[in-house]
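Tertiary structure, described
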Amino acid sequence: MTSHSSTSEQTGSFFDQPRAVWAVAFACVIAFMGIGLVDPILKPIADQLDATPSQVSLLFTSYMAVMGVAMLITGVVSSRIGAKKTLLTGLVLIIVFSALAGSSSTISGIVGFRAGWGLGNALFIATALSTIVVSARGSTARAIILFEAALGLGIAAGPLVGGELGSISWRAPFFGVSVLMLIALVATSFLLPRTPAVGRRTSLADPFRALRYPGLLTVAVTALFYNVGFFTLLAFTPFPLDMTAHQVGLIFFGWGLLLAITSVWVAPMLQRAIGSVPTMLLALTLFAVDLAAMAIWTEHRPVLVVGVIVAGAFLGINNTVITETVMGAAPVERPVASAAYSFVRFSGGAVAPYAAGKLGENISIHAPFWMGAVAVAIAVAVLAGGSRFLRGEELPAAHSRDEAEAELVGDIS
C-alpha cells in the first residue's frame, strides 16, 4: 500500500511535471466539467427554444447512450492506435460537437450534437489516466494525486462554470468547452510524446462474455437502477427548482464538491471500516431516502436544494466503491470489465432523463422523484441478493492506479 507519509515526502517536487502532463490534466478538468455543465442551462434552453422538460432531457439521453455504446469500443480503438491518437481523437470530437451544439437553434440539433460529444468524451476519458501515469515524473502515486485533483476540480467546477456562462446565454457553456478543449488539443498534440499501441488487442465480444460472470452482472444491474435515480436528479431537478442558471449552477456546484470529496476521501475510509458491499448498501439506501424526501416535498424549494447537495455525498461514495467492486467482480481484464459495466449502467442513465420528463409533464412534479427512489431501492435489493458473488475483492491502495480508475469510471456516471 502507498502510505500517505511517503507521498508527502515527495510533495516538494509535486509540481515539477512535464508540460505534457499539465496539458492532459487541463484537458481532464474540462472533460469532467462536461458532466454537470448543462444542468444550469436546461431550463433556459427549454424556455428559449419552446421545448418541454422531456425534450430537453434528451441532452442527457443522447450523451449517455452514445457513451455507453462507445465504452465497448474504446479498448478496441486504443489497443490498435495507441493512447495519444485515441485521446486526440476524443478531444477533436468534443471540440467539434460542443461548438455545433452551441450553434444549433433546435432541440433535435443540440441532442444530436451532444451524442457526438459523448463519443468524444468516451474516447478521451478511456485514455486520460494511463497517459498521465506514463508521462508523469516521480512515483505513480504522485501522478494519481494529480489526476484525482483534476477529476475533483472538473466535477465541482462544471455546474459553476455552466451557471456563470449560462447567465450570459445558454449557448456560452457549449462554446466555452469548445475553446478550452481546443487549447488542450494544441498543447497535447505538441507536448505529449507518441504512445504506441500496447497490450492485447481486445474485441467487441469481450465485454458481453464478461457479463456471464454473476458478480459482474450483479454490479452492472445494480448500477443500471441506481443510475435511474442519479440522472433523474440531474436532468429533472432544475425544472421544479425554477431558478436562474447562476443559482442552479451554485446548487450543483455544492453537489459536485461533495461528490468529489467523498469519492476521493470518504469512500475509501468507509470501505476499509465496514467493507465494500455494506458501504454501497448504506450509500444507496440513503440516496433512495433522499429522493423520497424530494418526492414528498417537491414544491418546497429548500428541500430540493438540500436534497441535491446532500445527494452528492451519497453519489461520490457509491460511484467509487461500486466501480472498485467491478474491477474484482470477474476474472477478466479491467478495461473489459469496465466496458461491460459501463454499457449496462449507462442504459439507466439514457432512459431516466426522458422518462422523468414525461412523468413530470403528464402525471405530477412528484412522480419523477418517486421513480428515482423506487429504482434505487431496486438497486439495493439486487445488490443485497447478489452479494454472495462479491466476496474476496481486494481493496486498492490509497492513491493507487486501481483506486484512481475506479474514481474515474465512477464519476463519469
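Above this text sits the structure in question.
The notes below deal with the structure included here. Since we're looking at a predicted model, the values are computed, not measured.

As a further point, take the environment of A377. On the secondary structure map, A377 appears in helix α16 (residues 367–386). Take A377: its relative accessible area is 40%, and that puts it in the partly exposed class. Sequence spacing of A377 and T285 is 92 residues, and the spatial spacing of their C-alpha atoms is 6.8 Å.

Residues F124, F174 and M181 are the most contacted members of the largest nonpolar core, which totals 120 residues. The leading source of residues in this core is helix α10 (residues 214–236), at 12 residues. Ignoring anything within four residues of it in the chain, the contact list for F124 reads V24, A27, C28, A31, L87, G90, L91 and I94.

So, about the packing of α10 against helix α14 (residues 301–327). One can describe the packing of α10 onto α14 by two numbers: an axis separation of 11 Å at closest approach and a directional angle of 160°. Taken together, the axis directions place α10 and α14 in an arrangement best described as roughly antiparallel. Here α10 and α14 pass one another in a crossing that is left-handed. Contacts between α10 and α14 involve L216, V219, T222, A223, Y226, F230 and L233 on the former and, on the latter, V308, A311, L315, N318, N319, I322, T325 and V326. Counted by class, the contact of α10 with α14 contains 11 nonpolar, four polar and no charged residues.

Using the criterion set out here, one finds 13 aromatic pairs in the structure. Pairing F97 with F113 gives two aromatic rings, centres 6.4 Å apart and planes at 40°, and the pair type is tilted. Pair noted here: F97 is in helix α5 (residues 83–103) and F113 is in helix α6 (residues 107–135), with a separation of 16 residues, a long-range link. A relative accessible area of 22% places F97 in the partly exposed class. Judged by relative accessible area, which is 25%, F113 ranks as partly exposed. Members of the aromatic cluster, each reached through a chain of ring pairs, are F60, Y226, F230, F231, F252, W255 and F287. The ring of Y63 has R114 sitting right over it, with the charged end atom 4.0 Å from the ring centre. Looking at R114, its charged tip hangs above the ring of W117, at a distance of 4.9 Å from the centre.

One pass over the structure, following the stated rule, counts three salt bridges. D242 is the partner of K43 in a salt bridge, and the nearest nitrogen-oxygen pair spans 3.2 Å. Highlighted residues: K43 in helix α3 (residues 42–48) and D242 in the loop between α11 (238–241) and α12 (245–274), separated in sequence by 199 residues. Across the pair D206 and R209 runs a salt bridge whose closest N-O atoms are separated by 2.8 Å.

Conventions we followed
Residues numbered from 1 in each chain as written. Predicted model: local features only at pLDDT ≥ 70, side-chain atom pairs only at ≥ 80, totals over all residues. Heavy atoms only, no water. Helix = DSSP H or I, 4+ residues; strand = E, 2+ residues; numbered from the N terminus. Buried < 20%, exposed > 50% of the residue type's maximum accessible area, 1.4 Å probe, protein only. Core = buried A, V, L, I, M, F, W, Y, C linked by side-chain atoms within 4.5 Å. Contact = heavy atoms within 4.5 Å. Axes fitted to C-alpha atoms, helices over the stretch in contact; angles between N-to-C directions. Parallel < 35°, antiparallel > 145°, perpendicular 65-115°, else oblique. Left-handed = near helix turned anticlockwise from the far one by under 90°. Nonpolar A, V, L, I, M, F, W, Y, C, P; charged D, E, K, R; others polar. Phe/Tyr/Trp six-rings, centres within 6.5 Å; stacked < 30°, edge-to-face > 60°. Lys NZ or Arg CZ within 6 Å of the ring centre and 35° of its normal. Salt bridge = Lys/Arg side-chain N within 4 Å of Asp/Glu carboxyl O.

Without other data, these values stay purely geometric and don't point to any function.
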